[in-house]
Amino acid sequence: MEPNGTILFTTVGRPEYGFDIFTVKLQSHQLTGPERRLTDGHSVNFNAQFLDEEDDTNTIVFVSERTGSPRIYLTRPGLPHPRPLPFVSDSLFHDRPIIKKDRLYFISAHEKPESVFKSWSALYSASLVQDKGEITRLTPYGCVDYSPAVSSSGKFVAVASYGSRTWGGEFNELNTDIVVFDSSDHKNRVVVSERGGWPSWSGDSAIYFHRKADDGWWSIFRVDFPENLSSTTEFPIAPIRVTPSGLHCFTPAAMHDSRKVAVATRRRSTKFRHIEIFDVESKTFTPITETLNPNIHHYNPFVSPDSQSLGYHRFRGQSCANGVSKIPRLDQVTSAVKELRMLRVNGSFPSVSPDGDLVAINHEFNDNGGGLSIVKMDGSKRWTLLKGRTVFYNSWSPAEKNVIYTSIGPVFQSAKVTVQIARITFDLSDLYGDYREHTIIPCDLKILTEEHTGNNAFPSCSPDGKSVVFRSGRSGHKNLYIVDAVNGEFEGGIRQLTDGPWIDTMPSWSPKGDLIAFSSNRHNPSDVSTFSIYVIKPDGSELRRIHVAGPKGSSEVDKERINHVCFSESGEWLLFAANLSGVTAEPVSWPNQFQPYGDLFVMRLDGSGLKRLTCSGYENGTPTWISGVDVATRGLNVGVNDEDQVGDELRGEFDEPLWITCEI
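## A word on the domain arrangement of the protein
Then comes step 1: Each assigned domain of the protein is listed with its residue range as follows: domain 1 (19–315) and domain 2 (327–638).
Then comes step 2: Taking the mean C-alpha position of each, domain 1 and domain 2 sit 37 Å from one another.
Then comes step 3: At the junction of the two partners, domain 1 supplies 35 residues and domain 2 supplies 33 residues.
Then comes step 4: Here domain 1 packs against domain 2, burying approximately 2,700 Å² in sum over the two surfaces, 63% of which is carbon and sulfur.
Then comes step 5: Interface area lost by domain 1 to domain 2 is led by Leu92, Phe117 and Phe171, which between them contribute 27%.
Then comes step 6: Here domain 1 and domain 2 share zero salt bridges between them.
Then comes step 7: Linking domain 1 to domain 2 there are 14 residue pairs in polar contact (both at pLDDT 80 or more).
Then comes step 8: Mapped by element, the contributors of at least two residues to the side of domain 1 that touches domain 2 are β13 (144–150), β17 (197–202), β21 (248–254) and β25 (298–303).
Then comes step 9: The residue makeup of the side of domain 1 that touches domain 2, split by class, is 18 nonpolar, 11 polar and six charged.

## Quick notes on the pairing of strand β50 (residues 620–625)
Then comes step 1: The buried fraction of β50 amounts to six of the six residues, a majority that puts the element mostly inside the structure.
Then comes step 2: Bridge count between strand β1 (residues 5–11) and β50: four bridges; the pairing is antiparallel. Bridge assignment links Leu8 to a residue of β50, and that residue is Thr624.

## Digging into the nonpolar core
Then comes step 1: Core analysis: the largest hydrophobic core is formed by 46 residues, its most contacted members being Leu310, Ile533, Leu574, Phe576 and Leu580.
Then comes step 2: There are two domains that each give this core at least three residues, and those are domain 1 (19–315) and domain 2 (327–638).
Then comes step 3: Counting 28 residues, the second largest nonpolar core, distinct from the first, contains Val44, Leu123, Ala585 and Leu650.

## Side note on the sheet that holds strand β22 (residues 260–266)
Then comes step 1: With respect to topology, four strands assemble into an open sheet ordered β21-β22-β23-β24, the strand pairing being antiparallel. Edge positions in the sheet fall to β21 and β24 (284–287), since each has one partner strand and no second. Each strand axis lies, on average, 35° off the axis of its neighbour in the sheet, ignoring direction.
Then comes step 2: Of the strand pairs in this sheet, strand β23 (residues 274–279) and β24 are connected by four bridges, and their pairing is antiparallel. Following the sheet pairing, Glu276 is matched in β24 by Pro287.

## Comments concerning the packing of aromatic side chains
Then comes step 1: For the coordinates displayed, the defined rule picks out 22 aromatic pairs.
Then comes step 2: With a centroid separation of 4.8 Å and an interplanar angle of 80°, the aromatic rings of Tyr393 and Phe458 are classed as edge-to-face. Of this pair, Tyr393 sits in strand β34 (residues 391–396) while Phe458 sits in strand β38 (residues 457–461), and the two are 65 residues apart along the sequence.
Then comes step 3: A relative accessible area of 12% means that Tyr393 is categorised as buried.
Then comes step 4: Note on Trp590 and Tyr618: the rings are 5.2 Å apart at their centroids and 90° apart in plane angle, and the pair reads as edge-to-face. Remark: Tyr618 occurs in the loop between β49 (611–612) and β50 and Trp590 occurs in the loop between β47 (573–578) and β48 (599–604); sequence separation between them is 28 residues.
Then comes step 5: Judged by its relative accessible area of 7%, Trp590 falls in the buried class.
Then comes step 6: Three or more aromatic residues joined by ring pairs form one cluster here, namely Tyr17, Phe19, Phe46, Tyr299, Trp590, Tyr618 and Phe654.

## What to know about the side chain of His210
Then comes step 1: Examined against the element boundaries, His210 turns out to sit in strand β18 (residues 206–212).
Then comes step 2: Among the residues examined, His210 registers a relative accessible area of 2% and is labelled buried.
Then comes step 3: A distance of 2.9 Å separates a polar atom in the side chain of His210 from the backbone nitrogen of Thr251.
Then comes step 4: Sequence-distant contacts of His210, defined by excluding residues within four places in its chain, comprise Gly196, Gly197, Trp198, Trp218, Ser219, Ile220, Cys249, Phe250, Thr251, Pro252, Glu586 and Val588.

The rules we used
- Residues numbered from 1 in each chain as written.
- Predicted model: local features only at pLDDT ≥ 70, side-chain atom pairs only at ≥ 80, totals over all residues.
- Heavy atoms only, no water.
- Domains from an automatic or database assignment.
- Contact = heavy atoms within 4.5 Å.
- Buried area = accessible area lost by both parts, 1.4 Å probe.
- Salt bridge = Lys/Arg side-chain N within 4 Å of Asp/Glu carboxyl O.
- Polar contact = N/O pair within 3.5 Å; in protein donor to acceptor, adjacent residues only side chain to side chain.
- Helix = DSSP H or I, 4+ residues; strand = E, 2+ residues; numbered from the N terminus.
- Nonpolar A, V, L, I, M, F, W, Y, C, P; charged D, E, K, R; others polar.
- Buried < 20%, exposed > 50% of the residue type's maximum accessible area, 1.4 Å probe, protein only.
- Pairing = 2+ DSSP bridges.
- Core = buried A, V, L, I, M, F, W, Y, C linked by side-chain atoms within 4.5 Å.
- Axes fitted to C-alpha atoms, helices over the stretch in contact; angles between N-to-C directions.
- Phe/Tyr/Trp six-rings, centres within 6.5 Å; stacked < 30°, edge-to-face > 60°.

Set out below in C-alpha cells:
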C-alpha cells in the first residue's frame, strides 16, 4: 500500500519571509530614484533577473512559491498576474532563472541521482519561441550544478558546480568550482577557477564570484580568461581577490561592461544584509539599500543590461499595498506523492487531536516563552493554552480528546539541565462558543517527571493512552524511559527502555502500540552529528536499526542524520527529516537555515520504498502524520487563497545565517 493521508510539518523561518522583488534607478552607479516593487505581494518571490533588452528595465523573470512550490514566472507592468514560464511539472524546486536570446535557463531538482548524499540540483534550458515544452538538461548526469549565469552575448554559461562528488556534509560554504561551457556545446565543460560560487559575468571574458577568503571574510573574486575556451590557456586560473577584508561580501552581480559590481554585504556596524556597489578600481563602496531600509535584509542583487537599474528581493513590509500581510496558519505545499497532502504549519512540533479537528503547536518556538497553542484544522482560529513558558514537542493522547503531553524547559541543552514532561488537560466544550481568537484557554498542567532528574523531553503517548515514552538524561546519558500517562513517575513508576553511553531521542509510538521508533547515534556514540532510525518493542526487546542510506556496513549508512521519525496510520511507513539529498541551493544566499539539507522522506518499515517529500533551500522538520481520520477530503481552508488573509501579521522576523559572523 502506498503512503497516503496528510502530513503537517515546520519550515525554519519561511512563514515570515514575505519576499518581493524591488528595483531602484541608478545614474553613474548612484541611487537616483525611489524604490519600486515589481512583484505583486503574493507568496514569496525571489532570485530575479532582468531580461536582456537594454531598454526594458521593468520586465523580470523570477521565482515564486504562489502555487505551493518554487516555479518560474515573468512579470511586467500591465500584466494582471505573473505569467508562468516553462517549468518541470514534477519538480518541487526551481531556482535562478535567466532569459537570454529567447532561451530560459534555470535550476531544477526533479531527477533523482544514482545514490544518496547527492543534491538533485541541475541546470536546464528551454526555448521560449520554439519547441515549447521541451526542456534540455545541461548538467551532465551524475553532476550537481548551482547558480547559473550567462555571459553578455549569450555565448557562455557559468555555474557553481559540485561535480560528481558525493556530498561531504558541508553547508556553510559549499566546495563548488566555477565551471564554464559554450551555450551551444554544454558537454565541453571547463573548470576556470576552483572554490567559488554564485558566478556573474562581466562581458564574455571575466567572471566575478564569491568564496570565503583565507582570512575568514566572504569576499568577491574575479577570474579573467580568453574567450576561446579551446585555446592553450591552462585551467583553472588563479583568481584575483576584489573586495577587502573587514566585511562580508557575497552574491555578486557584475555591472556590465564596467569595473563595478553590486554585492550583498554584512558589516560589523549592522546585523542586516545590504546591497552596495563596489568600484574595483577605486576600491570604494557606494551604499544603496541601507539608505532606503536600514533595518531590513536585502538579498541577491541583479542589474539591468545597461547597468542603470539594480534589483534585489527583501521583506515586502507590513504596510505593503495590494499584498498579503498575513501568515496562514496552515499553508498547502506541493506534494511529491499524489496521495499525500502536505501542510506547512506556522509553528513547530504539530500534533493532531484524535478526531482531527485541532492541531497543537508551539507557535513561537524559542527559549523566550513561546508557549503552546491549538489551531483549528481549517486554519481559521487559534487559541493559547500556555503562554510565557518555553514549551516544545507535543503529543496528543490518542485515547483522550483533551490531553496533550509536552516538554517544558530550555531547548537543546545537556543531559543534566532540568526539562520536564507535562500532561496538559483542558475543556473543549465551549471552545467554539465563548472563546474568541487568541483567548487563553484555562487548562490544568501536571508535571509527570520528578525534579532534579535532568533533561526529560520528546514525549509520545501510547495508542491506548496509558503510557508515555520520552527521552531523559537522568543517568548522565540521554536514553528512553516509559512512565504512567496519568500519574507519571510519582505514583505510576518509571521504567528504563534503553541504556547506554549514547543519545536515544525523539521516540514515536506506533499506532498499533507494538513498536517505538526513535533516533540514535548508538552505532557511533562519539559522533553527535549523525543519527539513524531504530525501533524497539515497548518491553525493550527486538531492538534493531533500520538502514536508510545503504546496507549495513556501507560507507553511506553511517552518514545518516535522521530525526523526528513517526509512523503512518497503518504502521507500515515511517516519516522523518534527513540529510539524504545534500544541499539544494547555495546556503549563503538564503536566510538562516540551521541545517539547510533538512528534507522530509517516507520509507517502509522494512527499509524499502524511500521517497523524498520536500525539496527546497529550507530546513523542513518536526513532521506529524495524521492518523485515524481522513483530513484530505475535508476541503481545508488553509490560506491557499491570498484573499483569505487569516493568520498572524507578517513581520519579516528572520535571521541571517548564524554561521556568518563579523567577530573575526
